Amino acid sequence: MSASDAAASPALNSTLCLVGQGVVRGYAIGRAVVMSAAALEVAHYRIADEDVAAERQRLCQAVEAAAQDLHQMVETLPDDAPRELGVLLSVHAMLLQDPMLVQSVCQLIEERQVNAEWALTTQGQTLAEQFALMEDAYLRERSADVRQVIERVLRVLSGSAQWLPNLDEVDTEGSLIVVARDISPADMMRLRGGKFGAFLTDLGGATSHTAIVARSMNVPAVVGMGLVRALVRDGDLLIVDGINGVVLVNPSLAILREYQDRQAAFLRERDELKSLRFAPAMTLDGIQIRMEANIELPEEAADALTAGAEGIGLFRSEFLFMGRAELPGEDEQYEAYAAVVRTMAGRPVTIRTLDIGADKTLDGEATVATNPALGLRAIRYCLANPELFNTQLRALLRAAAHGPLRILVPMVSHMHEVVATRRALARAAEELRDAGVAHETRVQLGAMVEIPAMAIAIEPFAETLDFLSIGTNDLIQYVLAIDRGDTDVASLYDPMHPAVLRLIAHTINAGERVGKPVSICGEMAGDVRVTRMLLGLGLTGFSMHPQQLLDVKKEIRKAHSNALRVKVASALNRAERIDLAALSA
Ligand code: PEP
Ligand code: MG
């Protein structure tokens, strides 16, 4: 039966519409493959005193088998596998090998005299809750990692390690849409074998594995759907709208036709966009805009080039430090930074110094800060840990010998932090010089504008620093007193609040006055809905995820910057909300 036959069938004519968070743009139309969760319905029972030792051994063997499986996957990762997968699989292997995990589960088996599955799920819940309470969105979503590694061990214990469909038996003719509660990196790895049209999950958010890996595979994905696995059956015809986060189950023929048209238009537009790769990002009135990319791993520099980025506007260096037991040494950091500089072949590369939060120390020991968002994080953390900072600065100065590298400092609020950073840089350069190590001292130093105090009193920073990069993600959080990861107050997280826009405009104007470049590297820069408004604020530098670059460039090329500046300034003067629709008129 073809897709249109199925849609025309009277039995299927009531279309069910499900909503989630669209994390990879695009459309897919295809059949559902529902991932089973049966293996996870584990038995809970008490054990006799004399069985405790055997139960502990059963647990250790299962953990060992699951870890070995992950290691083997890392070692045999095919060359064309999404790069993030290797990192994510290693994080899982590391979590499993944490002796604390096995010890605490063994303790539960012994103290409560329960079976390994029961003890494991209990401990898993405790750990996942601890992660879920963390302030940093990335770390918070790592509670999913804990849950997934526990599920892995549970599957080994229950003898049902194969929960995925056997891809050889699945008809991969048409587009298949994976429907799951959640998809771990290891499962994503297996799923790569099939040609899937989209991924749908009950759990997860913008930085979940499904989102990260699907983005790197360029496959539409909708996550956080709540009940998709319960409501969709194997073989159901699905339309996935990854742009709006909507899934239509067994659509009517009219709806199907409508989405076939939308999908064709989307694909046409994608192709057209590719032709903009080398086109200048210039507005209709001749204002040249700098288009740079945000990356988190050195390998992503290649994606930035493919998308036509003029440089790296933000390399979040903390991703080199996370998910591992030991800190990366100077040589390892140098190699990573130099690799990006080399890939970008003469284009500027902006590397942000370690932006780690106070809720998680680097060696994995959780500490409790009174208010982590306002605690010892980012530059505060680095200045409080001079040896760690020195190692990074030395690696950065060495990498700068290979091409234009700029150092970006996060979470600056005081001028003395800039002074201390310059002093730390001078010390690193002096040490390298004394040791005869090749390096470059003429490195530009800039700061993230993400704390309101800095944006309000921006003038001395604009004069002293070489460039400024506005981190709207944090700026909005601190201006509006809204935790950027707290879903309960998410509706108040408002990038368009006049107070936020006034601070952005104030920063841009200060940069203009002293001739220092100002860009935005927060999520707003890649949101094509606000591109015109940002041009109206006078922004001339954008840095975003490589996949967003061409959409934003297209919008820039259709805009008239000076006319937008007049409209935006008049609304801002009155502290009114800006009407985005009026800017497109
Ligand atoms: C920001 O705060 O806008 C930013 C780009 O940094 P991060 O999202 O890494 O905090
Ligand atoms: Mg930030």
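Just above sits the structure.
No experiment lies behind these values; they were computed from the predicted model shown.

How each quantity is defined
Residues numbered from 1 in each chain as written. Chains lettered and ligands numbered in written order. Predicted model: local features only at pLDDT ≥ 70, side-chain atom pairs only at ≥ 80, totals over all residues. Heavy atoms only, no water. Salt bridge = Lys/Arg side-chain N within 4 Å of Asp/Glu carboxyl O. Helix = DSSP H or I, 4+ residues; strand = E, 2+ residues; numbered from the N terminus. Buried < 20%, exposed > 50% of the residue type's maximum accessible area, 1.4 Å probe, protein only. Expected span 1.5 Å × (residues − 1). Phe/Tyr/Trp six-rings, centres within 6.5 Å; stacked < 30°, edge-to-face > 60°. Lys NZ or Arg CZ within 6 Å of the ring centre and 35° of its normal. Polar contact = N/O pair within 3.5 Å; in protein donor to acceptor, adjacent residues only side chain to side chain. Near = heavy atom within 4 Å. Areas by Shrake-Rupley, 256 points an atom, 1.4 Å probe, with all protein chains shown as cover. Nonpolar A, V, L, I, M, F, W, Y, C, P; charged D, E, K, R; others polar. Donors = N, O, S within 2.8 Å, 3.2 Å for Na, K, Ca; no water.

### Points about the pattern of salt bridges
Then, number 1: Inspection of every chain in the model, using the stated rule, returns 31 salt bridges.
Then, number 2: With its nearest N and O atoms 2.7 Å apart, the salt bridge here joins glutamate 117 to arginine 58. Remark: arginine 58 occurs in helix α2 (residues 52–75) and glutamate 117 occurs in helix α5 (residues 116–132); sequence separation between them is 59 residues.
Then, number 3: A relative accessible area of 25% places arginine 58 in the partly exposed class.
Then, number 4: Across the salt bridge formed by glutamate 459 and arginine 513, the nearest N and O atoms sit 3.5 Å from each other. Here the residue glutamate 459 occupies a position in helix α19 (residues 459–464), and arginine 513 occupies one in helix α21 (residues 498–514), the gap between them amounting to 54 residues.

### Details of α21
Then, number 1: The first and last C-alpha atoms of α21 sit 24 Å apart over 17 residues, in line with the 24 Å expected at 1.5 Å per residue.
Then, number 2: One or two positions beyond α21, positive phi appears at glycine 515, with a value near 70°.

### Side note on the packing of aromatic side chains
Then, number 1: The final tally for this structure, using the stated rule, is four aromatic pairs.
Then, number 2: Between phenylalanine 315 and tyrosine 337 the ring centres are 6.1 Å apart and the planes differ by 80°, which places this aromatic pair in the edge-to-face class. Of this pair, phenylalanine 315 sits in strand β10 (residues 312–316) while tyrosine 337 sits in helix α14 (residues 330–343), and the two are 22 residues apart along the sequence.
Then, number 3: Since its relative accessible area comes to 0%, phenylalanine 315 is described here as buried.
Then, number 4: Classification of tyrosine 337 by relative accessible area gives buried; the value is 0%.
Then, number 5: Through a chain of ring-to-ring contacts, the aromatic side chains of Tyr27, Tyr259 and Phe266 assemble into a single cluster.
Then, number 6: Just above the ring of tyrosine 259 sits the side chain of arginine 262; from NZ or CZ to the centre is 4.6 Å.
Then, number 7: In this arrangement the basic side chain of arginine 406 is found over the ring face of phenylalanine 467, its NZ or CZ atom lying 3.9 Å from the centre.

### Describing the side chain of glutamine 148
Then, number 1: Along the chain, glutamine 148 falls in helix α7 (residues 143–157).
Then, number 2: There is a polar contact of 3.4 Å between the side chain of glutamine 148 and the backbone oxygen of isoleucine 183.

### Focus: the site of ligand 1
Then, number 1: Close contacts around ligand 1 come from Leu314, Arg316, Arg352, Met448, Glu450, Gly471, Thr472, Asn473, Asp474, Arg484, Cys521 and Gly522, and that covers them all.
Then, number 2: Residue arginine 352 places a side-chain N or O atom 2.8 Å away from an oxygen atom belonging to ligand 1.
Then, number 3: Separating an oxygen atom of ligand 1 from a side-chain N or O atom of aspartate 474 is a distance of 3.0 Å.
Then, number 4: For ligand 1, the accessible surface in isolation is 290 Å², of which the surrounding protein chains cover 94%.
Then, number 5: Looking at the shell around ligand 1, the elements with two or more residues in it are β10 and α20 (472–480).
Then, number 6: The element contributing the most residues to the shell around ligand 1 is α20, with three residues.
Then, number 7: Among the residues forming the shell around ligand 1, the class breakdown is three nonpolar, four polar and five charged.

### With respect to the coordination of the magnesium ion (ligand 2)
Then, number 1: Protein coordination at the magnesium ion (ligand 2) comes from Glu450 (OE) and Asp474 (OD), with a distance range of 2.0 to 2.2 Å. Of this pair, glutamate 450 sits in the loop between β13 (444–449) and α18 (452–456) while aspartate 474 is found in helix α20, placing the two residues 24 residues apart along the sequence. The burial state of glutamate 450 is the same as that of aspartate 474; both residues are buried.

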